[in-house]
Amino acid sequence: MRPLSPPPTRVAPRVAFLTALTVALTIAATACTAASAHAAGRPGPAGVPAPSVDPHAAATTSWTTFDQNGLRTGVDASGASFSPATPAWTSPALDGTLYGQPLVATGRVYAATENNTVYALAADNGAVLWSTHLGTPFNPSTFPGGICGNIHPTVGITSTPVIDTARNELFVVAAEQSGSDAAHHLVGLDLYSGVVFLDEVIDPHSVTSPAHELQRTSLALTDGRVIVGFGGNSGDCEPYHGLVVSVPEAGGPTSVFTVANLPGDSQGAVWMGGSAPSVDSQGNVWVATGNSAYTTAGSPYDNSDGVLKLDPAASLLDAFAPSSWTSDNATDADLGSTTPALLPNGLVFEVGKARTAYVLRQAPLGGVGGQVATSPGFCGSEAFGGSADLNGTLFVPCGDGLRAVQPTASAPTALWRAASGVHGSPIVAGGLVWSISSGTLYALNASNGTTVQQFPVGSSASSFPSPSAADGLVIAPSANQLHAVKGPAGLPGPPTPRPPTPGYWEVASDGGVFSFGSAAFYGSTGALRLTRPVVGMASTPDHGGYWLVASDGGVFAFGDAGFYGSTGALDLRAPVVGMASTPDGNGYWLVAADGGVFAFGDAAFAGSTGGLTLRAPVVGMSAGPDDAGYRLVASDGGVFAFGDAGYFGSTGGLALTRPVVGMAVPSASTTGYWLVASDGGVFAFGTAPFAGSMGGLPLVRPIVGVASSHSGAGYWLAASDGGIFAFGDAPFEGSTGGLALSAPVVGMAGGPSPA
């Protein structure tokens, strides 16, 4: 009899997946199965450069988001001195104009152009390591009747990207030509190669003309989501609304907040002079908004001309607006041209086009007219971009010259104004305030604003360019080049190599094997004419080899996997559907659809369901703690345990949305297992942790297999097109989801540890 059990663990998932259109990082397969996928990134002429002649010993630091961190303090974390600074290198000319702030990670500098090309350059010499060109950028002249704006001849990647070092992934938003309109793609790229991990159109369905929405706001990360702001083009061409779009880093359904969304309303840009939303310690998102079409006193507040606090899913939590918000809207004097500065004393500082500075409380923000203090005329002209925060002293990008201020509950008063008139979004590095204006990179004394040094860098495409600083460099963009200056310690060392990663294999029904991450390719049957199709695979315990099994029980051994026998010459009552290796790798079991079990090598026969009438066919199996036990799973999720393999539950008594297609055991445990259904629903039993599923989400192709990560704290799901979905600590290492395969994928196995 099938053992009965309590209901399985299946909780509301926090999905972490990559779409089946993902490009493979590394594919190893025979020529008859599928061609290898080449990296989308192209190495530069110099490749990875040799170590610099004067590398310094400072620890590698990074600048992975606009103004260095979520609070947008803009302070270099390396502690490197720039007294004095000297020119380090100038990059080759890139293929389009630069609007965003350069980013730095892994000893590489990253930049993106309006031609939709992303570059990685060596931080020690500026050589191009790879470049990846995305889709064709949007050409405004193709839009019927033309469209306003000041970015020409094409609009591509305008905002500063963002990097998630835990995922080794850089995110950009690219405006791509879509007929005569534009489409905004969120693209994730591998930091080391430029390979595309993710490409998803994120324009909300409510947007009828994406070309009217300019993605100028720098990207932000919070709670596993990419935060994207939208506003209008220069000139406020309609129709558009201010938008905050929240997208899971792995792709998937978006959440959207729309500004100025009351009847008859419009505009309300989220752009902040190109700076990024601030992210507080709870992961909440702070933006400032532009003017809307509501310009009449007494109008209901529409979230324009204000400061908004949103949760990571872009739901509104709190808001502030000046009492003058409607008149500000009428004169295009909106507050939303800079990023809200969140201060350690619980206050918020904000100044915009109206030149009035506002001090707010972080909780509550105060609603309309609820400021703590205000200072009219704080800036002599409009302010644009982000402020830098050095221990509570803000350096504010007023248009007539940077100002320093230490905001309190009193009306803010400037400590100094930069006499040089430098006004670009500032940062702080080596105790100096750095800013770009009129083609010059300035270093200012933080205590009085006087110029300490200056370096010509050339004209900029952006009206508010901003430098970055990491690895002992300050890096400034000009129109289509990057310019680095170094401190007395010298240049950084060469770029760091890719860290070792876990891996996995996928197998197709013709026996073609696809190898990803650290999982090595040992061979396949892709070039052979098989009697019956391959139905599954298993890896050896040391992951130095694997077996493939066909539906007639024929076994194919590769690498250090030993051949111990097969049923290929027998007349079976039911086709073989899966296999499992003994824990020492010196034997294996095969299982047929009727539950018949065939043992080879040191694998002991402990029983089967071959003589029973089953309610559903067997679809897979897993090994127990030694060579004396195993489990079978049927398509209804019924589990049959034999020998010393423990039984921990099943879905045999439940009405499933889709049939179960496989099972896996956590690598570090013998007291639990997962079942997976063809819709990607995951059922966890015993000590196997539930880390997410695809149940309830649309799939391009059905799920066909599951494999455990090395630690057992996560798992991968494989679809029949080779799309991989990664959960828990199982990293995504590539897939065949975007390739035309000779035969469908039928199974997978986990690879070695990265250690």
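1. Quick notes on the overall build of the chain
In step 1: Of the regular secondary structure elements, the chain holds one helix and 53 strands.
In step 2: For the chain, whose C-alpha radius of gyration is 29 Å, the value lies close to the compact-globule estimate of 27 Å for 755 residues.
In step 3: C-alpha atoms of the chain, sized along the principal axes, occupy 90 × 65 × 50 Å.
In step 4: Every one of the 755 residues in the chain was classed for burial, and the buried ones make up 61%.
In step 5: When contacts within the chain are restricted to residue pairs at least 6 apart in sequence, long-range pairs at least 24 apart make up 55% of them.
In step 6: Taken as a whole, the chain presents about 25,500 Å² of accessible surface, with 55% of it coming from carbon and sulfur.

2. Description of the state of the cysteines
In step 1: Across all of its chains, the model carries two disulfides by this definition.
In step 2: Covalent S-S linkage joins cysteine 148 and cysteine 237, the inter-sulfur distance amounting to 1.4 Å. Of the two residues, cysteine 148 sits in the loop between strand S6 (128-133) and strand S7 (162-164) while cysteine 237 sits in the loop between strand S13 (225-232) and strand S14 (243-248), which places them 89 residues apart along the sequence.
In step 3: Note that cysteine 379 is cross-linked by a disulfide to cysteine 398, the S-S spacing being 1.9 Å. Where cysteine 379 bonds to cysteine 398 through sulfur, the torsion about that S-S bond is close to -55°, and the disulfide is left-handed. Residue cysteine 379 is found in the loop between strand S24 (373-375) and strand S25 (388-390), and its partner cysteine 398 is found in the loop between strand S26 (393-396) and strand S27 (403-405); the two are separated by 19 residues along the sequence. A single burial state applies to cysteine 379 and to cysteine 398, both of which are buried.
In step 4: In the chain, the bonded cysteines, taken in the order they occur along the sequence, pair up as 1-2, 3-4.

3. Focus on the packing of aromatic side chains
In step 1: Considering all chains together, one arrives at 24 aromatic pairs under this definition.
In step 2: Judged by centre distance (5.8 Å) and plane angle (75°), the rings of phenylalanine 82 and tryptophan 434 are edge-to-face. A residue pair is termed long-range when its members are at least 10 positions apart, and phenylalanine 82 in the loop between strand S1 (42-43) and strand S2 (86-90) and tryptophan 434 in strand S30 (residues 432-437) qualify at 352 residues. For the pair shown, phenylalanine 82 and tryptophan 434 are each scored as buried.
In step 3: An angle of 55° between the planes, with centres 5.8 Å apart, marks the rings of tyrosine 522 and tyrosine 546 as tilted. You can see tyrosine 522 sitting in the loop between strand S37 (513-517) and strand S38 (534-539) and its partner tyrosine 546 sitting in strand S39 (residues 545-550), a full 24 residues away along the chain.
In step 4: Owing to a relative accessible area of 31%, tyrosine 522 belongs among the partly exposed residues under this scheme.
In step 5: Members of the aromatic cluster, connected to one another through ring pairs, are Trp505, Tyr522, Tyr546 and Phe558.

4. A few points about the pairing of strand S34 (residues 473-477)
In step 1: Burial of S34 is extensive: five of the five residues sit out of reach of the surface.
In step 2: Side chains Leu473, Ile475 and Pro477 of S34 all project onto a buried face; the interleaved residues Val474 and Ala476 project onto the opposite face, where all are buried too.
In step 3: Where strand S33 (residues 468-470) and S34 come together, three bridges link them in antiparallel fashion. Bridge pairing in S34 places alanine 470 opposite leucine 473.
In step 4: Linking S33 to S34, which pair antiparallel, is a turn of two residues; within it aspartate 471 sits at a positive phi near 55°.
In step 5: Two strands pair when backbone bridges link them, and S34 and strand S35 (residues 482-486) are joined in this way by five bridges, in the antiparallel orientation.

5. Remarks on unusual backbone geometry
In step 1: For the bond from serine 83 to proline 84, the omega torsion is 0°, close enough to zero to count as cis.
In step 2: Residue proline 239 is reached from glutamate 238 by a cis peptide bond, and omega for that bond is 10°.
In step 3: Positionally, proline 239 belongs in the loop between S13 and S14.
In step 4: Unlike most non-glycine residues, aspartate 471 shows phi in positive territory, near 55°.
In step 5: With respect to the helices and strands, the residue aspartate 471 is situated in the loop between S33 and S34.
In step 6: By relative accessible area, aspartate 471 is classed as buried at 4%.

6. Section: the pattern of salt bridges
In step 1: Counting across every chain of the model gives six salt bridges.
In step 2: Glutamate 249 is the partner of arginine 167 in a salt bridge, and the nearest nitrogen-oxygen pair spans 3.8 Å. With arginine 167 in the loop between S7 and strand S8 (169-178) and glutamate 249 in the loop between S14 and strand S15 (255-258), the pair connects residues that are 82 residues apart, well separated along the chain.
In step 3: Assessed through its relative accessible area of 27%, arginine 167 is described here as partly exposed.
In step 4: Residue aspartate 334 is joined to lysine 353 by a salt bridge in which the shortest nitrogen-to-oxygen separation is 3.6 Å. Residue aspartate 334 is found in the loop between helix H1 (325-330) and strand S20 (341-342), and its partner lysine 353 is found in the loop between strand S21 (347-351) and strand S22 (357-361); the two are separated by 19 residues along the sequence. Take aspartate 334 and lysine 353: they sit in the same class, and that class is buried.
In step 5: Put simply, Arg167, Glu169 and Glu249 are held in one network by salt bridges that share partners.

7. Here we look at the side chain of glutamine 215
In step 1: Mapped onto the secondary structure, glutamine 215 falls in the loop between strand S11 (213-214) and strand S12 (220-222).
In step 2: The class of glutamine 215 is buried, set by a relative accessible area of 4%.
In step 3: At 2.6 Å, the side chain of glutamine 215 forms a polar contact with the side chain of serine 159.
In step 4: At 2.6 Å, the side chain of glutamine 215 forms a polar contact with the backbone oxygen of threonine 217.

8. A short note on the sheet that holds strand S18 (residues 307-310)
In step 1: The mixed open sheet is built from five strands, whose spatial order is S16-S17-S18-S19-S23. The sheet is open, and its two edges are formed by strand S16 (278-279) and strand S23 (367-368), each paired on a single side.
In step 2: Here S18 pairs with strand S19 (residues 316-321) via four bridges, running antiparallel. Looking at S19, one finds that lysine 309 is bridged to aspartate 318.

9. Quick notes on the side chain of asparagine 233
In step 1: Looking at the element boundaries, asparagine 233 is found in the loop between S13 and S14.
In step 2: Its relative accessible area of 9% is what places asparagine 233 among the buried residues.

10. Details of the pairing of strand S17 (residues 285-288)
In summary, the side chains of a regular strand alternate between the two faces of the sheet.
In step 1: Burial of the side chains of S17 extends over both faces: Val285 and Val287 are buried on one face and Trp286 and Ala288 on the other.
In step 2: Note that S16 and S17 share two bridges and pair antiparallel. Bridge pairing in S17 places valine 279 opposite valine 285.
In step 3: The hairpin formed by S16 and S17 contains five residues between the paired strands, and glycine 283 there has a positive phi angle of roughly 85°.
In step 4: Where S17 and S18 come together, four bridges link them in antiparallel fashion. In the sheet register, valine 285 faces S18, and the bridge partner there is leucine 310.

11. Considerations on the sheet that holds S33
In step 1: Judged by pairing direction, the sheet is antiparallel, and its four strands sit side by side in the order S2-S35-S34-S33 without closing on themselves. Looking at the sheet topology across the chains shown, the edges are occupied by S2 and S33. Taken over all neighbouring pairs, the strand axes of this sheet differ in orientation by 25° on average, direction set aside.

12. Concerning the confidence of the model for the chain
In step 1: When the pLDDT values of the chain are averaged, the result is 89; 92% of them are 70 or greater.
In step 2: Below pLDDT 50 for its whole length, residues 1-53 participates in 164 contacts with residues either more than four positions away or in separate chains.

About the cut-offs
Residues numbered from 1 in each chain as written. Predicted model: local features only at pLDDT ≥ 70, side-chain atom pairs only at ≥ 80, totals over all residues. Heavy atoms only, no water. Helix = DSSP H or I, 4+ residues; strand = E, 2+ residues; numbered from the N terminus. Rg over C-alpha atoms; globule rule 2.2 N^0.38 Å. Buried < 20%, exposed > 50% of the residue type's maximum accessible area, 1.4 Å probe, protein only. Contact = heavy atoms within 4.5 Å. Areas by Shrake-Rupley, 256 points an atom, 1.4 Å probe, with all protein chains shown as cover. Disulfide = S-S within 2.5 Å. Phe/Tyr/Trp six-rings, centres within 6.5 Å; stacked < 30°, edge-to-face > 60°. Pairing = 2+ DSSP bridges. Salt bridge = Lys/Arg side-chain N within 4 Å of Asp/Glu carboxyl O. Polar contact = N/O pair within 3.5 Å; in protein donor to acceptor, adjacent residues only side chain to side chain. Axes fitted to C-alpha atoms, helices over the stretch in contact; angles between N-to-C directions. pLDDT = per-residue confidence, 0-100.

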